[in-house]
Structures are given as structure tokens and as C-alpha cells.
Amino acid sequence: MTDQAPFPQSPFHAGEQEAQDRVGKRASMEAFGKVAIRPFMPEQHRVFFEQLPFVVLGSVDEQGWPWASILTGGKGFITSPSSKRLNLAARPAPGDPLQTSLKTGAPIGLLGIEIPTRRRNRMNAQVIEKTDGGFSLGVMQSFGNCPQYIQTRDIEFIRDPAAPAEKSAPISFTELDQAAIDFIEGSDTFFVSSYISPANGLTAEGVDVSHRGGKAGFVKVDGNTLTIPDYSGNNFFNTIGNFLVNPKAGLIFPDFETGDLLMLTGTVELLWEDHPEVIAFKGAERGWRFTLDHGLRLSDALPFRSQFGEWSPNSLMADDWATSDARAKAEEQRNTWRTLRVAKIEDESSVIRSFYLEAIDGQPLLSYEAGQFLTIRVRPDGTGSQIRTYTLSSAPADPAYRISVKREPGGIVSNHLHDNLIVGDTIEIKAPKGAFYIDALEKRPAVLLAGGVGITPMMAMTRHVLNEGVRKRYLRPLTVFHAAQTTDQRTFAQEFRAAEAESNGKIRYVSVIGHPTEAEVAGEDFDASGRIDVDTLRAYLVLDDYDFFLCGPSSFMQAMYDLLRNLGVADARIFAESFGPAVLSRRVDAQVQLPAQPPEAEMSVVKFEKSGFEQKWETGDGTLLETAEAHGLTPDFSCRAGSCGSCAVQKLSGEVAYRTPPTAKVATDDVLICCAVPAQGSSTLVLDL
Ligand code: FES
């Protein structure tokens, strides 16, 4: 192998391969790793390392504990005489375990990070020489790293890094004191070192050190245990892979304001994707718990200070633990009404107005999928309580819920919202739900077909796909067709154009205007006129296998559905959301078997558990909703057709049959009472109502 040759064998050890396997990336990462991980530094990396004022190093002490350290020398302290060698003219801070572990032949992990610009490159290396003023590293593996979750900071040296400074002696500890806990819980950045060695049953040996960042509060401390979310990354799984074979970690938390360093070493337990804390933490793909064995506090060890610059967009899209824990608690209240405050109102078109809703109870907003709807309850004067559902036009990563409401002629609720609701008013909501949402990571391109205000879920989907593109580095291709009568009635055109511009050609927005004015110009004010038809689709879509999402008035939805089916699109590829009671009439693919519905009961007793009464039900009687209403109960409902999910009630025992198969998603123990009746064989049906 020449100096510049790639690895002939896998660059990943068994632990990394196992972690890649878990996310289905094993084959693609093997191919990518052989290109991206090199046994030498490309010229670009050498130049990058040479201009850094500090690097982060990972090492292992004689007892086998890993440590992460910060080595500072000021600009020019690193030189690279060849693609296989870095010379570092600096010594570790007094008290840093790196002082004793820097021995010739010792494995070292190195992270070069330029915090002001978020650039970073990494290397696994070995000490090949020690000198009076420093040491040299020989490159084993060299690779670049993405800039995610790095908060920018300016770096300013306050003293010569080589000059001795007045410092108090390092303090060692085996328990975190309150000051350490507070500092960790307020940190937005730390570095983690991990390693594997022949002692772990592997032939390979090496130390990795990497950056971890998030919102302040992304590390939770409980006694001596830290819980850390693991976000989507480069899929190399260097750290997680090391933990799988050797569950130990060295952590360093730098205090950029005082120059203090908090260094910890201890053991690790991995939390996988199905762990409740991982599920509740927005942005986490997995996580890990670190338990302290021992640690060190080095005062004023850094010769520089740094001013916070700006948050990484990825950090802002993820949770902190306080929010995540509060959301997990709030999830228990998913089916109860909650009061939110109107934080902002914006007119989107001549007929559509957006309302931004924020929490006032100190709890986070419940999470949702892009495309789901919110159930709201308002009390317009003289009409009593009114319940409606409105799709969220905000994306799940946004800080507030946004509903965009069309003023409907004669619509009690839409007119009430447009005419009476002002900023500061409150409104009752139930947690978002609905089966119409997009999977941003699906590889198949998606086509969103919206009529009128049916654009609202498409706005949420587009923003979500764009956000996930930043977070996961995969942007699902989208083409959005938006039909509106006039440009005046069209909503979100600018937001779609902005998404289009940001997407690097992955998102396209096609505005179809039914009746453009004479002054409006095709190609500038809109893209096509008239209706969306075969020619419109052919003009913008190349032959491919797409998922189609439809939303709009029922006539629009049916026309689009029939158009797609006539073009040979499978029913299973068409996802639809309709407003109100209208439900799409589908032509199911010949080979698809619909789940069999049990027949209706001839006679049953329906017990309304919370209300404390029971009622006889027999063939020909109304739905469970009608039965409840007939006896003075006022359950929630909106569409009365099985498409919105607002009428879901928990079923405590017995079975139901659906007169109209619901299109809304129904939880296993729930019943959509607007279209269900007792099923044959259910002599008693008990509802939590
Ligand atoms: S009221 Fe909409 S699903 Fe029952």
C-alpha cells in the first residue's frame, strides 16, 4: 500500500459495523468508509490542522480509563511535514492525565475543530516521537466530520499558551458536586473520548474523540450519572461502535468563560431507539448514560476565552432534557383539553389567516407529525361550545403551533376566529393527531397536490422535509402543485418559493391559478393556469415512482384521485386528507384485501363508564356517538365521518364494527364513535365516556 492508497480492508471494527447494521446502513457505509477514511491526511486536512490554535485529544491511562483533553499551543503550534505525520509543539495542561499517557506507541484520537466556522476533521493516530517541546503523531485513519450541532464562538487568547500561568492545583473527585452538576447542565458543548483495544477481543486498536453539542441542558445529570442524547450523524458510529465493545468514556466540559476544564472518566450504558427517554427527546436517535468513576477539575487551564456566537440550527431543532421530560409528562394528557395563547396572527391571503399558538402552562407543546391536525374548541357568542379541526401549517421543529384558517361563508368557527380572536386570547386545543403525514426520510419522491386551503398540511410537510434535510442530510424530493382560484387567494407562495430556493433543486413549487388577471404573467406571477390536469403533471414530473399526497375540497380530491388512478398510479401510493364529512371514494387495487369488518351486533348493552349509565342498543340504532348524544352526553366530534379522529374514545371492553371504515388512524384501544356500533358477539360494550 502506498502512502496515498485507501484501506484494502474494512475501515470499521465489529462494534461500528454492528451499530451501522442497526440503522440499515452497513453496506452503504462500508463503501463510503473505504473512500472517506484514509490512512493519510489529504492536503486540505494538513492545511486545516496547521492553522488551529488548539485540538482535542483522546487518550487512555494506565488503568484503562479514557480521557478527553484540550491541547493548546496557539496558531502555528501544529505542523505537518508529511501526509502521515503531525508535529504538535505543546504540552498537556498540568494535572491532565494526557501528560502520563503520551508515550511513544500510545494510540491517540485527535479532533481538529474550528469553532468560529464549525469546520472539523478527525484522526486516529499513534505517538511516534516525543520531544522536549511536544510530540509527533503518525496517522492511522484520517477523515472529515460534518459541522452539525456546533455552536460558533470567537476565540481570544488572554496569555501566551506556552507561558506558565498562576493556577491552583488540579482537584480530583469521585462524586459530582453541585457546581459541577450546574455547569454540566448549562453546557452546550463537550467532547467525548472512547477506545477499543485487543483487550476487547478485537485485532484493531484505536482511540476516537469527538464533539457533542446541543441546546444548553442537553446533558441530564442525576447524581453521578449523565444522560446524553445521540443525534443523527455521519453513520460512522465511531463512538457508539466503541461503546458497544468497550463501554467506557472520557468526557471534557470546557468553560469557555473562565478557562476551567471539567474532565470525567467512567462507564457507559447505551440507550437504543426504543428507550422511552430517547423516544421522548426530540431529535435523539439513541442515547447513552455515563456513570462517573472519577474526575478532575483544572482551573484556568485554557489560555483563551471565547464569546458565544450563534446556535447551530441542528441544536435549536432538538430538545433539552427539561423540555423532553416535561413533554413526556404532558404526553399523558394527550387526550385532554389544554389552553393555549394566541401569540401572533398573520394574514396569508384575502381569505386565510394564520394563528400562532403557544403554551401558557409552562409545559412544552406536544410533538406531532407534519400534516397532522389540531382539534380546537371555542365558544363563539350565543352558539355554545364548538369543536373544529385545523391542519397545522407549522413544522414539528417550530416553537409554536400554527393553524391557517380559511374564512368560510357562514362558518361559525372560522368567522369567529377571523373576526374576534386577537393576540393574547386563549383557545382550547387537543393534541395533534391524524393519519395524513409525510415520512421525510422515505427515498421515494413525493408529489403534493393541494387545492385552496388544502395547502396547509403541504406547507407543514415541505418545511419538515427541509428541516430534516438539515438534520439528517437527506432531503426527500418534493414537487408541490398548488391550485388556487386567484393569486389573491393563494397562500404561502413566498414560503414555498423560499423552501424551493433553499433545497438545492430537491423541492419544486408549481402555482396553478384558476383565473389569473390580465396583468399577471405566467412564469412570474404563477406557473400554470386553469386546473391541474394530465398535461400539468406531465409538464413538471418525469417518469418515476412517486407517493402522492392530496388535500383540498372533496371535488378537488376526487378529481385528483381519479386522474392519478387513470394514469395507472396504485391506490396504495395515494394518501389523502379531506375536510369535513366528505370522504374520498377509492378504487382499491385488485390484489389488495381490505380487512374484514365484523358484522354489527343484533343486541348489545353499551355502558358509558365515566357517565355512570348503560343503554340497550339494537340493530338499526344509531352510531355510538348518536346513542351517547341521544342520552344527553356531549362527546367531542368534528367530521362525524371517521376522517378526523376527534371523537376517539377509549374502549374498556367489548368489540365494535365500523359502519363506514374510518380513514383516521385509530389507536388499538380507541373507538371512533361517530361511525362505530357494537359488533356481533359483544353483549356488553364498555366505553370510557
Ligand atoms: S368525528 Fe371525526 S372521526 Fe369521528
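All of these numbers come straight from a predicted model, not from anything done at the bench.

Novice: With reference to specific residues and values, describe the overall build of the protein.
Specialist: For the protein, the helix and strand inventory stands at 15 helices and 36 strands. Taking the principal axes of its C-alpha atoms as reference, the protein extends roughly 90 × 65 × 50 Å. Looking at the protein as a whole, 54% of its 689 residues are labelled buried. Summed over all atoms, the accessible surface of the protein reaches about 29300 Å², with 50% contributed by carbon and sulfur. The centroid of the 67 positive side-chain charges in the protein is displaced by 2 Å from the centroid of its 88 negative side-chain charges.

Novice: Quick one: what's the story with the environment of Thr684, residue by residue and with numbers?
Specialist: Considering the arrangement of structural elements, one finds Thr684 in strand β36 (residues 684–687). By relative accessible area, which is 36% here, Thr684 ends up partly exposed. In this structure the C-alpha to C-alpha distance between Thr684 and Thr239, which are 445 residues apart in sequence, comes to 55 Å. Once residues lying within four places of it in the same chain are set aside, the contact partners of Thr684 are Ser604, Val605, Ser653 and Gly654.

Novice: I'd like to hear about the pairing of strand β20 (residues 373–378), residue by residue, with values.
Specialist: Counted residue by residue, β20 has six buried out of six residues, so it is predominantly covered. Along β20, one buried face is formed by Phe373, Thr375 and Arg377 and the opposite face, lined by Leu374, Ile376 and Val378, is buried too. Here β20 runs beside strand β21 (residues 386–391); their pairing, made up of six bridges, is antiparallel. Bridging from a neighbouring strand, Val378 pairs with Gln386 of β21. Where β20 lies against strand β23 (residues 426–433), four bridges are found, and the strand directions are antiparallel. Of the residues in β23, the one forming a bridge with Phe373 is Lys433.

Novice: Which residues make up the packing of aromatic side chains, and what values go with them?
Specialist: Across all of its chains, the model carries 21 aromatic pairs by this definition. Each member of the aromatic cluster is reached from another via a ring pair, and the members are Phe190, Phe218, Phe243, Phe253 and Trp288. Geometry around Trp272 places Arg22 over its ring, the cationic atom sitting 3.8 Å from the centre. The lysine or arginine in question, Arg640, covers the ring of Phe637, its NZ or CZ lying 4.5 Å from the ring centre.

Novice: Residue-level account of the sheet that holds strand β4 (residues 85–88), with values.
Specialist: Taken together, the seven strands give an open sheet; going across it, the order is β2-β1-β5-β6-β7-β4-β3, and neighbouring strands pair in antiparallel fashion. Strands with a single pairing partner mark the edges of an open sheet, and in this sheet they are β2 (66–72) and β3 (78–82). Along the sheet, successive strands turn relative to each other by an average axial angle of 35°, direction set aside. With eleven bridges joining them, strand β6 (residues 119–131) and strand β7 (residues 134–145) adopt antiparallel strand pairing. Directly across from Arg120, in β7, lies its bridge partner Asn145.

Novice: Give me the pairing of strand β24 (residues 446–451): which residues, what numbers.
Specialist: For β24, a buried count of six out of six residues is recorded, marking the element as mostly surrounded by other parts of the structure. Judged by which residues are buried, β24 turns out to be covered on both faces: Ala446, Leu448 and Ala450 on one side and Val447, Leu449 and Gly451 on the other are all buried. Sheet topology note: the β24/strand β25 (residues 478–484) ladder contains six bridges and is parallel. Across the sheet, the residue bridging to Leu449 is Phe481, located in β25. Crossover β24 to β25 through helix α11 (residues 455–472) is right-handed. Here five bridges tie β24 to strand β28 (residues 547–552), and the two strands are oriented parallel to one another. Bridge assignment links Ala446 to a residue of β28, and that residue is Asp547.

Novice: Could you give an account of the domain arrangement of the protein, with specific residues and numbers?
Specialist: Structurally, the protein comprises domain 1 (14–322), domain 2 (333–433), domain 3 (446–578) and domain 4 (603–687). Summarising the inter-unit geometry, the C-alpha centres of domain 1 and domain 4 are found 56 Å apart.

Novice: Explain the side chain of Lys433 residue by residue, including any values.
Specialist: Considering the arrangement of structural elements, one finds Lys433 in strand β23. In this structure Lys433 is buried but unpaired, with Asp670 as the nearest side chain of opposite charge at 6.5 Å. The contacts of Lys433, once residues within four sequence positions are left out, are Asn335, Gln372, Phe373, Cys644, Gly645, Ser646 and Ala648.

Novice: Explain unusual backbone geometry to me, using residue names and the numbers behind them.
Specialist: Of note, the phi angle at Arg473 is positive, near 60°, even though the residue is not glycine. The topology assignment puts Arg473 in the loop between α11 and β25. According to the relative accessible area criterion, Arg473 is partly exposed, its value standing at 42%. The backbone of Asn504 shows a phi angle near 60°, a positive value even though the residue is not glycine.

Novice: So what about the environment of Asp96? Which residues, and what values?
Specialist: Relative to the elements of secondary structure, Asp96 occurs in the loop between β4 and α4 (98–101). Relative accessible area serves as the criterion here: at 2%, Asp96 is assigned to the buried category. When the C-alpha atoms of Asp96 and Met123 are compared, they prove to be 21 Å apart, with 27 residues separating the residues in sequence. Polar contacts involving the side chain of Asp96 include one to the main-chain amide nitrogen of Leu98, which spans 2.8 Å.

Novice: Which residues make up the sheet that holds strand β18 (residues 338–347), and what are the values?
Specialist: In spatial order, the strands read β21-β20-β23-β18-β19-β22; together these six strands make up an open sheet with antiparallel pairing. This sheet does not close on itself; its edge strands, each paired only once, are β21 and β22 (401–406). The sheet shows a mean angle of 40° between the axes of neighbouring strands, taken without regard to direction. Bridge count between β18 and β23: four bridges; the pairing is antiparallel. Looking at the pairing, Arg341 lines up with Thr426 of β23.

Novice: Help me get a handle on helix α5 (residues 178–185), residues and values and all.
Specialist: Turning to α5, its buried residues number three or more, namely Ala180, Ile181 and Ile184. An end-on view of α5 places all buried positions within 100° of arc, on one side of the element. Buried residues in α5 make contact with β12 (220–222), β13 (225–231), β14 (248–254), β15 (261–271) and β16 (284–298).

Novice: Let's hear about the pattern of salt bridges: which residues, and what values?
Specialist: A complete count under the given rule lists 44 salt bridges for this structure. One salt bridge connects Asp325 with Lys220, and the closest N-O pair in it is separated by 3.4 Å. With Asp325 in helix α9 (residues 321–331) and Lys220 in strand β12, this pair connects stretches of sequence that are 105 residues apart. In this structure Asp325 comes out as partly exposed when scored by relative accessible area, which is 32%. With relative accessibility at 19%, the residue Lys220 sits in the buried group. The closest approach of N and O atoms between Arg659 and Glu600, which form a salt bridge, is 2.8 Å. With a gap of 59 residues between them, Arg659 in the loop between β33 (656–658) and β34 (670–672) and Glu600 in the loop between β29 (574–578) and β30 (603–608) connect regions that are remote in the sequence. Because the salt bridges share partners, they merge into one network encompassing Glu442, Arg444, Arg476, Asp545, Asp547 and Arg573.

Rules used in this analysis
Residues numbered from 1 in each chain as written. Predicted model: local features only at pLDDT ≥ 70, side-chain atom pairs only at ≥ 80, totals over all residues. Heavy atoms only, no water. Helix = DSSP H or I, 4+ residues; strand = E, 2+ residues; numbered from the N terminus. Buried < 20%, exposed > 50% of the residue type's maximum accessible area, 1.4 Å probe, protein only. Areas by Shrake-Rupley, 256 points an atom, 1.4 Å probe, with all protein chains shown as cover. Lys, Arg positive; Asp, Glu negative; His and termini not counted. Charge placed at Lys NZ, Arg CZ, Asp CG, Glu CD. Contact = heavy atoms within 4.5 Å. Pairing = 2+ DSSP bridges. Phe/Tyr/Trp six-rings, centres within 6.5 Å; stacked < 30°, edge-to-face > 60°. Lys NZ or Arg CZ within 6 Å of the ring centre and 35° of its normal. Axes fitted to C-alpha atoms, helices over the stretch in contact; angles between N-to-C directions. Right-handed = clockwise from strand over helix to strand, strands pointing away. Domains from an automatic or database assignment. Salt bridge = Lys/Arg side-chain N within 4 Å of Asp/Glu carboxyl O. Polar contact = N/O pair within 3.5 Å; in protein donor to acceptor, adjacent residues only side chain to side chain. Arc of directions from axis to C-beta.

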